[in-house]
Amino acid sequence: MIKDTEDANSQELRRTFGVFQLTMISVGATLGTGILVILGEAVPIAGPGVWIAFILAGITALLSAVSYAEMAGMVPVSGSSYSYTYATLGEGVAWVCGWCLVLEYAVSVAAVAVGAADYVNETLRIFGFELPPALASGPDQPGGVINLPALIVVVLATILLMRGAKESGVVNTIIVFVKIGILVFFSIVAFTAFKAGNFEPLLPMGAAGVTAAASIVFFSYIGFDAASTAGEEAKNPKRDLPRAIILSMVIVTSMYVLVAVTAIGAREWQWFETSTAPLVQIVHEITQSNFAVFLFAASSVLAIFSVVITVLYGQSRILLTMSRDGMVPRFFGVVSPRTGTPLIGTLVTGTLVAITAALIPLGELANATSIGTLFAFCLVNVAVIYLRVTKPELERSFKAPLGYTIPILGALACAFLMLNLSGITWAVFGIWMLVGVLIYFAYSRRHSRVGTMSDADYRTSLSA
């Protein structure tokens, strides 16, 4: 797999990212999603203990992140967990993982973009305007036709990504610092109205409420997964990918918990049931300043844009890697010699995501993303265990500590959160997987590089 990237010649991606840029990709794809978009839906489920849900989801993600770091050092190519399972568990399992990643990435971009409408409206209200219902939400809402802000955010991100990875990386880095700043600003403002009594009772829905909320917000932690898709664009992937993955997880989890605690401290948990953009509303109610609200709302739109850029970037790189293996049509792997990016793949992906974001409601998108993410992470943990047993002699630039403990706990934690998702989400996931199996046998298996090889050619390629 590594040799393929070195022999690609004109199809080669450009290595422009160091550990700082990789960390920014991780943080950019993660920070802001769960707080800005999902917090309002998670609080009514978990109550004041929603911050515990973020910690639980963060621990689960961190366990998998350590396994990702080990695999990223061994298989420093684009493709994330698809590449890791392809290299260890074979083509069939890799297709299942890659199909889950399509669900994880494309749907999470749409889910994040859907939340942009609320913050766009909050920004416009400062000037006395508001989007009409027909343009502010999809057909699932009364009077809704299309979520225009979501559509615009995805289209702009797609255009930027088509210009080049370096250019989009610079924009993402700037926005990451902006959204860290606005979340710190929010925490300071919210702390001025902090009431410890808002945390009583801590778990009104019991432990089940917290675990259910953790399952929903887990999709907020796919940032390190996006960083691992940059394996072919990292200057020193074996060294820098593991560092960036773990560092980004520490930053993101700390920020999520800080904002969740201060938000609950500022408002009783029942208040969140009727809130559409809770953080900006809290800023407005406390400061009574139109300028502060405008600054926060506008920055929140930028934060959402940052997530859309980085996750859409990851999706296009996964499809590029799958196309090299013949699992998806070849045009997903065509890299422009001028921009060094997969132009057609990015355009197709962006178009489909834009349509989804414009028409599908947030809740269903978030839940579908969570189950796809958890399943893919579970497979990576299994891949680490498998390689430890079958190939203990392989060089590892980073190795998860405590023996098999972390990958085993990571796999079990992912499975536990999956079990806490609703029956409808499982039904959607089942249908999605069934469609994936049909596509695999109808197209991918017959066009894959491995599937078209004779047994003799396959064994020769392994020894080459």
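- Per an unreviewed UniProt entry, the recorded name for the protein is Amino acid permease, and the organism is Brevibacterium ammoniilyticum.
- Quoted verbatim from the Subcellular location (unreviewed entry) heading of the UniProt record, the comment on the protein is "Membrane".

Digging into the side chain of Thr-60
Argument step 1. Of note, Thr-60 is situated in helix H4 (residues 50–74).
Argument step 2. Only 3.0 Å separates the side chain of Thr-60 from the backbone oxygen of Leu-56, close enough to count as a polar contact.
Argument step 3. Ignoring anything within four residues of it in the chain, the contact list for Thr-60 reads Phe-218, Ala-413, Cys-414 and Leu-417.

Digging into the nonpolar core
Argument step 1. Ranked by size, the top nonpolar core spans 125 residues in total, and within it Val-50, Phe-54, Phe-186, Leu-279 and Val-308 carry the most contacts.
Argument step 2. With residues near it in sequence (within four places) discarded, Leu-279 still touches Ile-35, Leu-36, Leu-39, Tyr-119, Leu-183, Phe-186, Val-259, Ala-263 and Phe-296.
Argument step 3. In terms of nonpolar packing, the next biggest core, distinct from the first, is built from five residues, Leu-63, Ala-400, Ile-406 and Ala-413 among them.

Remarks on the pattern of salt bridges
Argument step 1. Going through the model one piece at a time under the given rule, you end up with three salt bridges.
Argument step 2. Ionic pairing is found between Glu-91 and Arg-445, a salt bridge with its closest N-O pair at 2.7 Å. With Glu-91 in helix H6 (residues 91–114) and Arg-445 in helix H19 (residues 423–447), the pair connects residues that are 354 residues apart, well separated along the chain.
Argument step 3. The exposure class of Arg-445 is partly exposed, given its relative accessible area of 36%.
Argument step 4. With its nearest N and O atoms 2.8 Å apart, the salt bridge here joins Arg-267 to Glu-285. Linking Arg-267 in the loop between helix H13 (237–266) and helix H14 (278–287) with Glu-285 in helix H14, this pair joins segments that are 18 residues apart in sequence.
Argument step 5. The class for Glu-285 is partly exposed, based on a relative accessible area of 33%.

Points about the packing of helix H2 (residues 19–30) against helix H15 (residues 290–324)
Argument step 1. Where H2 contacts H15, the axes come no closer than 7 Å and their chain directions differ by 115°. Handedness of the crossing formed by H2 with H15: left-handed. Residues Ile-25, Gly-28 and Ala-29 of H2 lie in contact with H15, whose contacting residues are Ser-306, Val-307, Thr-310, Val-311 and Tyr-313.
Argument step 2. Its residues placed into classes, the contact of H2 with H15 shows five nonpolar, three polar and no charged.

Things to note about unusual backbone geometry
Argument step 1. A cis geometry characterises the amide bond from Glu-200 onward to Pro-201, with omega recorded as -10°.
Argument step 2. Assignment of secondary structure puts Pro-201 in the loop between helix H10 (165–191) and helix H11 (206–217).
Argument step 3. Unlike most non-glycine residues, Gln-288 shows phi in positive territory, near 55°.
Argument step 4. Relative to the elements of secondary structure, Gln-288 occurs in the loop between H14 and H15.
Argument step 5. A relative accessible area of 57% places Gln-288 in the exposed class.
Argument step 6. The phi dihedral of Leu-402 falls on the positive side, at around 65°, and the residue is not glycine.
Argument step 7. One can find Leu-402 in the loop between helix H17 (362–390) and helix H18 (405–419).
Argument step 8. For Leu-402, a relative accessible area of 64% corresponds to the exposed category.

Examining a nonpolar patch on the surface
Argument step 1. A cluster of nonpolar side chains, contributed by Val-389, Tyr-404, Ile-408, Leu-409 and Leu-412, occupies part of the molecular surface with about 460 Å² of accessible area.
Argument step 2. Here the element with the most residues in the nonpolar patch is H18; it accounts for three residues.
Argument step 3. When you line up the elements, Leu-412 lands in helix H18.
Argument step 4. Relative accessible area serves as the criterion here: at 55%, Leu-412 is assigned to the exposed category.

Re the packing of aromatic side chains
Argument step 1. Within this structure, the stated rule accounts for 13 aromatic pairs.
Argument step 2. When the centroid spacing of 5.1 Å and the interplanar angle of 90° are considered together, the rings of Trp-271 and Phe-272 count as edge-to-face. Across the pair, Phe-272 and Trp-271 agree in class, each one buried.
Argument step 3. Clustering of aromatic rings is evident, with ring pairs tying together Trp-95, Trp-99, Trp-432, Tyr-440 and Phe-441.
Argument step 4. For the cation-ring pair, Arg-388 lies above Tyr-404, with the distance from its terminal atom to the ring centre recorded as 5.8 Å.

Here is what the cut-offs are and how they apply
Residues numbered from 1 in each chain as written. Predicted model: local features only at pLDDT ≥ 70, side-chain atom pairs only at ≥ 80, totals over all residues. Heavy atoms only, no water. UniProt positions renumbered as here; feature names shortened; annotations may be inferred. Helix = DSSP H or I, 4+ residues; strand = E, 2+ residues; numbered from the N terminus. Polar contact = N/O pair within 3.5 Å; in protein donor to acceptor, adjacent residues only side chain to side chain. Contact = heavy atoms within 4.5 Å. Core = buried A, V, L, I, M, F, W, Y, C linked by side-chain atoms within 4.5 Å. Buried < 20%, exposed > 50% of the residue type's maximum accessible area, 1.4 Å probe, protein only. Salt bridge = Lys/Arg side-chain N within 4 Å of Asp/Glu carboxyl O. Axes fitted to C-alpha atoms, helices over the stretch in contact; angles between N-to-C directions. Left-handed = near helix turned anticlockwise from the far one by under 90°. Nonpolar A, V, L, I, M, F, W, Y, C, P; charged D, E, K, R; others polar. Patch = residues over 30% accessible without salt bridge, like charges linked within 9 Å, V, L, I, M, F, W, Y side chains within 5 Å. Areas by Shrake-Rupley, 256 points an atom, 1.4 Å probe, with all protein chains shown as cover. Phe/Tyr/Trp six-rings, centres within 6.5 Å; stacked < 30°, edge-to-face > 60°. Lys NZ or Arg CZ within 6 Å of the ring centre and 35° of its normal.

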